[in-house]
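# Working through the structure, step by step
In case you want the letters, here they are:
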Amino acid sequence: MMRAQWDVIVVGAGPGGSTAAARLAQAGVDVLLVDKERFPREKPCSDIYGPFGARTYEELGVYERLLEAGYVYPGVLLSSPDYTAIYGANGKGLTCPRRVGDNILKENASRLGAEVWEEFWVHDLVVKDGQVRGVRAKYQGEFRDYRCDVVIGADGSHSWVAKRLGLFVDDYDQVYLAGRAYWRGCSPPLRDVEVHYDPSFNPGFVCLSPHPGYDDVVNMGVGIQMSQYGRLSLNAEEMVEKFVAESPHGEKMRGAERVSDWTGWRVPSAGQIGKNYAAGAVLVGDAGNFVEPFILEGVASAVRSANYAARAVLAALEERDFSEDSLSRYGEKWEKKMGPQLRALQGMAVTAADADALNGLFGGLKDDPEAVSRVFGE
Ligand SMILES: Cc1cc2nc3c(=O)[nH]c(=O)nc-3n(C[C@H](O)[C@H](O)[C@H](O)COP(=O)(O)OP(=O)(O)OC[C@H]3O[C@@H](n4cnc5c(N)ncnc54)[C@H](O)[C@@H]3O)c2cc1C
């Protein structure tokens, strides 16, 4: 008979869900981590596991494994629409294909004691007396209920858990379209991560990330607010083509050949972050709108939000109190620890909408690499 009762069920085994499950398993909690996909699976991304997640990977004993599979880039180069470039050194951020890195994080959660079930599709929540008590899912061909004290919604940008809780938000000024493809033949080879706010489609940007261990391909893609994208005459692929043809920063890609299909996804920025807990449930990562709004890094934010969610869930389990009030400690914690940085980057995203203002901002930062490192690299 299939087991149907757990302390915690984590929906989604991306960086957010795997981190939450690993933390809880490490603390001795009976946790089930589920994902609708079979891993290794793809996730459209520029493949940057940003530096602000590194301490968590170290604490969970998985950073070395990520290092073996990935590449620590020396720094981040950013440019504004008048091509003013700023540079900051990187600390422990790395690039690694998400297919590889996310699988490492998921396996680590399993190593630490989380039960992991794949091809497990959550399609609803079990709710009783106003409190979430589990999930409804299709697994191994059967639709069933799986009960628990707390559900952690880590099911990404289109989060079914958030929708079912009535916490899904979709403000087109704060939601971005991002797409990417892989290219071979960058000359000279790319070593830094680069983010270029281009004059042709401001405030959209092109991101390039290096993969020396993977045939030296370059992951190149775009990010732009949904509301702006609708007004542009260029589609995402044409934006990148224009950048390569016209920008001095695109020159190194002029002889490169695309070696993968384009893939894109919805990116919910923290510009629309709000309540992300309810009685018996919390939302982490993209499900909770944690993507930093300036260069759209969401992996490290997912990992950090998962840390705070796991702490709040541990306290709730100890007190046997799964009310909204009890889980509101999650909201307080992430707000205190992540709120200031997310708001500062939201301020930069607002500035980016005005090309002159962004040129002025970068002009001011150009001679202050330490400030750039603090924001993007440390
Ligand atoms: C083109 C692009 C480039 C990006 N580049 C970067 C970058 O370089 N660095 C960065 O930090 N961020 C980047 N981001 C954002 C980043 O990809 C996300 O913020 C990050 O993946 C969030 O992690 P997560 O764990 O919250 O969700 P995800 O990684 O999306 O994981 C969610 C998981 O939930 C599972 N799931 C969904 N629904 C269900 C269901 N009903 N039942 C069971 N399982 C379910 C999915 O299969 C998935 O495995 C980029 C985004 C895009 C689109």
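Report on the accompanying structure. Note that the structure is a prediction, hence the values are computed from the model and not measured.

### Some details on the pairing of strand β5 (residues 85-89)
Every second residue of β5 is oriented toward a common face, the buried set being Ile86 and Gly88 and the non-buried set Ala85, Tyr87 and Ala89. Taken together, the five bridges between strand β4 (residues 75-79) and β5 define a ladder with antiparallel strand orientation. In the strand pairing of β5, Val76 is matched with Gly88. Counting the residues that bridge the hairpin from β4 to β5 gives five residues, and of these Tyr83 lies at a positive phi of roughly 70 degrees.

### Brief notes about the packing of helix α1 (residues 15-26) against helix α8 (residues 299-319)
Two elements in contact, α1 and α8, have axes whose closest approach is 8 Å; the angle formed by their N-to-C orientations is 35 degrees. In terms of crossing hand, the pair formed by α1 and α8 is right-handed. Taking contact as the criterion, the partners of Pro15, Gly16, Thr19, Ala20, Arg23 and Leu24 in α1 are, on α8, Val299, Ala302, Val303, Ser305, Ala306, Asn307, Ala309, Ala310 and Val313. Taken together, the residues of the contact of α1 with α8 break down into ten nonpolar, four polar and one charged.

### Things to note about unusual backbone geometry
Here the bond from Phe39 into Pro40 is cis, since omega is -5 degrees, no more than 30 degrees from zero. Summarising the element assignment, Pro40 is placed in the loop between β2 (31-35) and β3 (48-49). Of note, the phi angle at Asn289 is positive, near 60 degrees, even though the residue is not glycine. Position of Asn289 among the secondary structure elements: in the loop between β18 (281-283) and α8. For Leu296, which is not glycine, the phi torsion reads 60 degrees and is therefore positive. Secondary-structure assignment places Leu296 in the loop between β18 and α8.

### Here's the deal with the site of the ligand
Every one of the 43 residues lining the ligand counts as a neighbour, but Gly12, Gly14, Gly156, Gly285 and Gly298 are closest to it. Counting residues per element, the ones that place at least two in the shell around the ligand are α1, β2, β8 (120-128), β11 (175-184), β16 (263-268) and α8. In terms of residue class, the shell around the ligand is built from 21 nonpolar, 13 polar and nine charged.

### Focus: the environment of Leu177
Its place among the elements puts Leu177 in strand β11. Here the alpha-carbon distance between Leu177 and Gln225, two residues 48 residues apart in the chain, equals 6.1 Å. Setting aside residues no more than four positions away along its own chain, Leu177 makes contact with Ile224, Met226, Tyr229, Ala236 and Gly264.

### Some points on the packing of α1 against helix α4 (residues 98-111)
Where α1 meets α4, the closest approach of the two axes is 8 Å, and the angle between their N-to-C directions is 20 degrees. Between α1 and α4, the interaxial angle falls into the category roughly parallel. The element α1 and its partner α4 pack so that their crossing is left-handed. Only Asp102, Leu105, Lys106, Asn108 and Ala109 of α4 make contact with α1, whose side of the interface consists of Pro15, Ser18, Thr19, Ala21, Ala22 and Ala25.

### Observations concerning α1
Over its twelve residues, α1 runs 16 Å from end to end, which matches the ideal 16 Å to within 8%, given 1.5 Å per residue. Those residues of α1 lying buried are Pro15, Gly16, Gly17, Ser18, Thr19, Ala20, Ala21, Ala22, Arg23, Leu24 and Ala25. On its buried side, α1 packs onto β1 (5-11), β2, α2 (54-59), α4, β10 (142-153) and α8. Downstream of α1 by one or two residues, Gly28 has phi in the positive range, about 90 degrees.

### Some points on α4
Helix length check: α4 (14 residues) gives 19 Å between terminal C-alpha atoms against 20 Å at 1.5 Å per residue, within 8%. Of the positions making up α4, those classed as buried are Arg98, Gly101, Asp102, Ile104, Leu105, Lys106, Asn108 and Ala109. Residues of α4 that are buried make contact with α1, β2, β3, α3 (63-69) and β7 (115-118).

Scoring rules and cut-offs
- Here the residue index of a chain counts from 1 through its sequence in written order.
- Side-chain atom pairs in this predicted model are given and counted only at pLDDT of 80 or more, local residue features only at pLDDT of at least 70, and totals for whole chains, interfaces and linings cover all residues.
- Buried, partly exposed and exposed are defined by the number of other C-beta atoms within 10 Å of a residue's own C-beta, namely 20 or more, between the two limits, and 12 or fewer respectively, with C-beta atoms placed from the backbone.
- Secondary structure counts use DSSP, requiring at least four H or I residues in a row for a helix and at least two E residues in a row for a strand, with both numbered from the N terminus.
- For two strands to count as paired, DSSP must find a minimum of two bridges between them.
- Angular values range over 0 to 180 degrees, each being the angle between N-to-C directions of two axes fitted as lines to C-alpha atoms, with helices fitted over their stretch in contact.
- Handedness of a helix crossing follows the sense of rotation of the near helix relative to the far helix, less than a right angle counterclockwise being left-handed and clockwise being right-handed.
- What counts as a contact here is a pair of residues whose C-beta atoms, placed from the backbone, lie within 7 Å.
- In this classification, the charged set is Asp, Glu, Lys and Arg, the nonpolar set is Ala, Val, Leu, Ile, Met, Phe, Trp, Tyr, Cys and Pro, and all remaining amino acids, among them Gly, are polar.
- Each residue gets a C-beta atom placed from its backbone. Should that atom fall within 6 Å of a molecule or strand, the residue is termed near it.
- Any angle that falls under 35 degrees is termed roughly parallel, while one over 145 is termed roughly antiparallel, one within 65 to 115 roughly perpendicular, and all others oblique.
- Multiplying 1.5 Å by the helix residue count minus one yields the expected span of that helix.

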